[in-house]
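Chain by chain, the residues run as shown.
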Amino acid sequence: MDAAQDPTDPPGPAPGLAGQTALVTGAGLRIGRAIALELARRGADVAVHVNRSVGPGEAVADEIRGLGRRACVVTADQRDVAAIEAACARAANELGPVSLLANSAAIWPSVDVTEATQEDFDLALEVNLRGPFFWARYLGAAMKARGRGAIVSIADVSAFRPWADAVPYCMAKAGVISMTYGLAKALAPVRVNAIGPGPIVFPPDYPPEKARADREATLRGREGEPADIARAVAFLFESDNVTGTFLPVDGGYRFGI
Ligand SMILES: NC(=O)c1ccc[n+]([C@@H]2O[C@H](COP(=O)([O-])OP(=O)(O)OC[C@H]3O[C@@H](n4cnc5c(N)ncnc54)[C@H](OP(=O)(O)O)[C@@H]3O)[C@@H](O)[C@H]2O)c1
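Quick caveat, the model's predicted, so the values are computed rather than measured.

Caption draft 1: Representation of the overall build of the protein. A tally of helices and strands in the protein yields seven helices and seven strands. Along the protein, helices (α) and strands (β) appear in the sequence β-α-β-α-β-α-β-α-β-α-β-α-α-β when read from the amino end. A compact globule built from 257 residues should have a C-alpha radius of gyration of about 18 Å, and the protein, at 18 Å, falls within 12% of that. Viewed in the frame of its principal axes, the protein has a C-alpha envelope of about 65 × 45 × 35 Å. Out of the 257 residues in the protein, the part that is buried amounts to 45%.

Shown next, in the form of structure tokens:
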């Protein structure tokens, strides 16, 4: 048999993302920023979505242009479905059809369940579940019509190991995982996957004793880095036979020693 035709041969270098256009939500700061830059490093043009962080978003777009890729900034409060639709249209107008969506924007509101209001519940679910669904709905419909594309949503292993002081957040993230399985079927052949970070970057006001406990609850004794999530997103975008999966990238936090 010709060695060049051996199906067990490695296919050569990873295909990369040249020729693709990505939209990354919440891409002005932290994990979303790392995802946007990683995708650009692998060859994608990137629409940088922000809500309030317009200045940091413009800086990320400049960094992407510095890598030789095209970039634009789109703004939307993802509680507003019409704003999401408009931002999707703007990204496509500026950069061409969007073939990759990374859903990273979210909030992490702490709420005492015994005092929770309808507003607390709605806010957590609107930003963290309804928003990602409608980014996927608008961009995913266009991807499906073209017969190609991929979506990765950043969920959280707290979907399975919930925090008592953030129950609506954890419910929303469990919904993102369920959404991923459903969209993988509904949008096929578009590939749809989710990632479950554990502790990666703590909020600036996070109490040090909580950060210590979170680190100790991982199997590595430390939090991860935004780059860990960015590489996992790129892996899922580049892996043609992976769809309908949930990939924990949590240092073993879900085992919760
Ligand atoms: N950090 C961690 O350790 C960790 C752990 C587990 C899971 N995750 C998940 O990983 C993702 C990224 O985490 P992160 O810590 O980098 O997130 P983050 O900094 O808390 O938030 C990311 C972005 O979400 C955007 N956002 C908030 N409310 C919005 C709204 N109403 N409409 C549109 N955008 C909105 C913000 O954009 P603007 O700044 O432009 O307003 C913000 O920069 C999130 O989905 C998070 O749940 C993170």
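Caption draft 2: Quick peek at the sheet that holds strand S1 (residues 21-24). Taken in spatial order, the seven strands line up as S3-S2-S1-S4-S5-S6-S7 in an open sheet, and their pairing is parallel. The open sheet is flanked by strand S3 (71-75) and strand S7 (246-249), the only strands paired with a single partner. On average, adjacent strands in this sheet sit at an angle of 20° to one another, irrespective of strand direction. Looking at chain direction, strand S5 (residues 150-154) and strand S6 (residues 191-197) are connected through five bridges and run parallel.

Caption draft 3: Inspection of helix H7 (residues 226-238) at higher detail. Compared with the 18 Å implied by 1.5 Å per residue over 13 residues, the 18 Å span of H7 between its first and last C-alpha is a close match. What H7 keeps buried is the set Pro-226, Ile-229, Ala-230, Ala-232, Val-233, Ala-234, Leu-236 and Phe-237. Elements that come into contact with the buried residues of H7 comprise helix H1 (30-41), strand S4 (100-103), S5, S6 and S7.

Caption draft 4: Representation of the packing of H1 against helix H2 (residues 54-66) within the structure. Put simply, H1 and H2 touch, their axes get as near as 9 Å, and they point 15° apart. The angle between the axes of H1 and H2 places the two elements in the roughly parallel class. Two packed elements cross with a definite hand, and for H1 against H2 that hand is right-handed. Two secondary-structure elements touch here, H1 through Arg-33, Ala-36, Leu-37 and Ala-40 and H2 through Val-60, Glu-63 and Ile-64. Residues of the contact of H1 with H2, tallied by class, amount to five nonpolar, no polar and two charged.

Caption draft 5: How the structure looks around the nonpolar core. Among the nonpolar cores identified, the biggest contains 74 residues, and Ile-35, Ala-36, Leu-39, Val-46, Val-48 and Val-233 are the most heavily contacted of them. The greatest single-element share of this core, amounting to 10 residues, is contributed by helix H4 (residues 118-146). Those residues in contact with Ala-36 that sit more than four places away from it in its chain are Val-24, Ala-27, Val-46, Val-48, Val-60 and Ile-64.

Caption draft 6: Looking closely at the site of the ligand. Around the ligand, the structure places 25 residues, and the nearest of them are Gly-26, Arg-30, Asn-51, Ser-53 and Ala-106. Here the shell around the ligand gets three residues from one element, more than from any other, and that element is H1. Of the residues that constitute the shell around the ligand, the class distribution is 13 nonpolar, seven polar and five charged.

Caption draft 7: Layout of the environment of Gly-43. Along the chain, the position of Gly-43 falls in the loop between H1 and strand S2 (45-50). For Gly-43, a count of 15 C-beta atoms within 10 Å translates into the label partly exposed. Each C-alpha atom, one on Gly-43 and one on Gly-16, is 6.5 Å from the other, the two residues being 27 residues apart in sequence. Setting aside chain neighbours within four positions, we find Gly-43 in contact with Gly-16, Leu-17 and Ala-18.

Caption draft 8: Molecular detail of the environment of Ala-172. By the element assignment, Ala-172 lies in helix H5 (residues 167-186). Since 27 C-beta atoms lie within 10 Å of it, Ala-172 is described here as buried. In sequence terms Ala-172 and Glu-126 are 46 residues apart; their C-alpha atoms lie 8.6 Å from each other. Ignoring anything within four residues of it in the chain, the contact list for Ala-172 reads Ala-124, Leu-125, Asn-128 and Leu-129.

Caption draft 9: A look at the pairing of S3. Of all five residues making up S3, four are buried, and the element is well covered by its neighbours. The parallel pair S2 and S3 is bridged by H2, and the resulting crossover is right-handed.

Caption draft 10: Fine view of helix H3 (residues 81-95). A rise of 1.5 Å per residue sets the reference length of H3, with its 15 residues, at 21 Å; its end C-alpha atoms lie 21 Å apart and thus fit the reference within 8%. Within H3 the residues assigned to the buried category are Ile-84, Ala-87, Cys-88, Ala-91 and Leu-95. Along the axis of H3, the buried positions cluster into a sector of 100°, meaning they face one direction only. Residues of H3 that are exposed and point over 90 degrees away from its buried face: Ala-82 and Asn-93. Of the surrounding elements, those touching the buried residues of H3 are S1, S2, S3 and H4. Positive phi appears at Gly-96, one or two residues downstream of H3, with a value of about 95°.

What counts, and at which threshold
Residues numbered from 1 in each chain as written. Predicted model: local features only at pLDDT ≥ 70, side-chain atom pairs only at ≥ 80, totals over all residues. Helix = DSSP H or I, 4+ residues; strand = E, 2+ residues; numbered from the N terminus. Rg over C-alpha atoms; globule rule 2.2 N^0.38 Å. Buried ≥ 20, exposed ≤ 12 C-beta atoms within 10 Å, placed from the backbone. Pairing = 2+ DSSP bridges. Axes fitted to C-alpha atoms, helices over the stretch in contact; angles between N-to-C directions. Expected span 1.5 Å × (residues − 1). Contact = placed C-beta atoms within 7 Å. Parallel < 35°, antiparallel > 145°, perpendicular 65-115°, else oblique. Left-handed = near helix turned anticlockwise from the far one by under 90°. Nonpolar A, V, L, I, M, F, W, Y, C, P; charged D, E, K, R; others polar. Core = buried A, V, L, I, M, F, W, Y, C linked by C-beta atoms within 7 Å. Near = placed C-beta within 6 Å. Right-handed = clockwise from strand over helix to strand, strands pointing away. Arc of directions from axis to C-beta.

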